[in-house]
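An overview of the molecular structure
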Amino acid sequence: TQTAKNYTVTLNTNEGTINAGNVTSYTYGEGATLPTNVTKTGYTFDGWYKEPTCTNKVTTLGATDYTSDITLYAKWTINSYSTRWKLAGGQLNGNSDDIVQDYEFGQAITAPTGIERVGFNFIGWEPTVPTTMPAENLEFTAQWEEKQLINFRTLCTYDIVLKNNYVDDDSKDGHTTITATHTS
C-alpha cells in the first residue's frame, strides 16, 4: 500500500483572524475544508485566493487538486458605516432633517458645519466625534446653548448751561444747571 502524501497549507489572513476551522495541512486523496469563520475589524471576508493579489478564488482543497504545499490569501472588502447627525431643533440650509452620511471604515469623519438655531449658539456634537470611522454606525446630537440676551440700560447725566436765555431765581451768576436723564 502506498502512503497518502501530506502537504502544508499556509493561510495568510492579511491581518484577519481565523475563529474556527483553521487548516494547516491536507492529505492528497482526502482534501480539506477551508475556514469561513474569518474576521477582520471593519472588513468583510471575501474568501481564499491562490495569490497575494487575490485573483483566483479557492473554495475548497479538493482530494486531488494540489500536489504540493500551498499558501492561500484572505481577501477583504472594506465595510461602510453610517453617521446620523441629529440637529435637535437646528437647521442646515433651511432643512431640519437629520443628516445621514456614509463612511468607509477608517475614513476621516467630517462633521456638518453651519447649522443654526434661532436664539441659540451651537456648541458641538454629543458624543465627541472621532477622527476616523470606527466599525459601527454612529449617532450624534447637536448641542445648543441659549443665547444670553443682555438688556442694557444706560444712564447718562448731562449738564446743560443756559446763558441769558433762562434765569431762575436759584441760579448763580446768570447760569442754571439742569440734569437730564436719558435711558435707552
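Basis of the calculations
- Residues numbered from 1 in each chain as written.
- Predicted model: local features only at pLDDT ≥ 70, side-chain atom pairs only at ≥ 80, totals over all residues.
- Heavy atoms only, no water.
- Buried < 20%, exposed > 50% of the residue type's maximum accessible area, 1.4 Å probe, protein only.
- Helix = DSSP H or I, 4+ residues; strand = E, 2+ residues; numbered from the N terminus.
- Pairing = 2+ DSSP bridges.
- Salt bridge = Lys/Arg side-chain N within 4 Å of Asp/Glu carboxyl O.
- Polar contact = N/O pair within 3.5 Å; in protein donor to acceptor, adjacent residues only side chain to side chain.
- Contact = heavy atoms within 4.5 Å.

Attention shifts here to the pairing of strand S1 (residues 6–12). The alternating pattern of S1 places Tyr 7, Val 9 and Leu 11 on a buried face, while none of Asn 6, Thr 8, Thr 10 and Asn 12, on the opposite face, is buried. One ladder, built from three bridges, connects S1 with strand S3 (residues 25–27); its direction is antiparallel. Counterpart to Asn 6 in the pairing with S3 is Thr 27. Bridge analysis of S1 against strand S7 (residues 70–78) gives four bridges, and the strand direction is parallel. Following the sheet pairing, Val 9 is matched in S7 by Ile 70.

Working definition: two side chains of opposite charge can pair if their charged atoms are close together. Counted by the stated rule, this structure contains three salt bridges. Between Asp 46 and Lys 75 there is a salt bridge, and its shortest N-O distance comes to 3.7 Å. Taken together, the residues span a long stretch of sequence, with Asp 46 in strand S5 (residues 43–49) and Lys 75 in strand S7 at a distance of 29 residues. Given a relative accessible area of 26%, Asp 46 falls into the partly exposed group. By relative accessible area, Lys 75 is classed as partly exposed at 28%. For the salt bridge of Lys 86 with Glu 139, the shortest nitrogen-to-oxygen distance reads 3.8 Å. On the criterion of sequence distance, the pair formed by Lys 86 in strand S8 (residues 80–86) and Glu 139 in strand S11 (residues 138–146) is long-range, its members being 53 residues apart.

Inspection of the secondary structure puts Asn 79 in the loop between S7 and S8. Residue classification places Asn 79 among the buried positions, given a relative accessible area of 17%. Of the polar contacts made by the side chain of Asn 79, one reaches the side chain of Thr 44; its length is 2.6 Å. Once residues lying within four places of it in the same chain are set aside, the contact partners of Asn 79 are Gly 42, Tyr 43, Thr 44, Tyr 103, Glu 104 and Phe 105.

On their own, these measurements won't tell you what the molecule is for.
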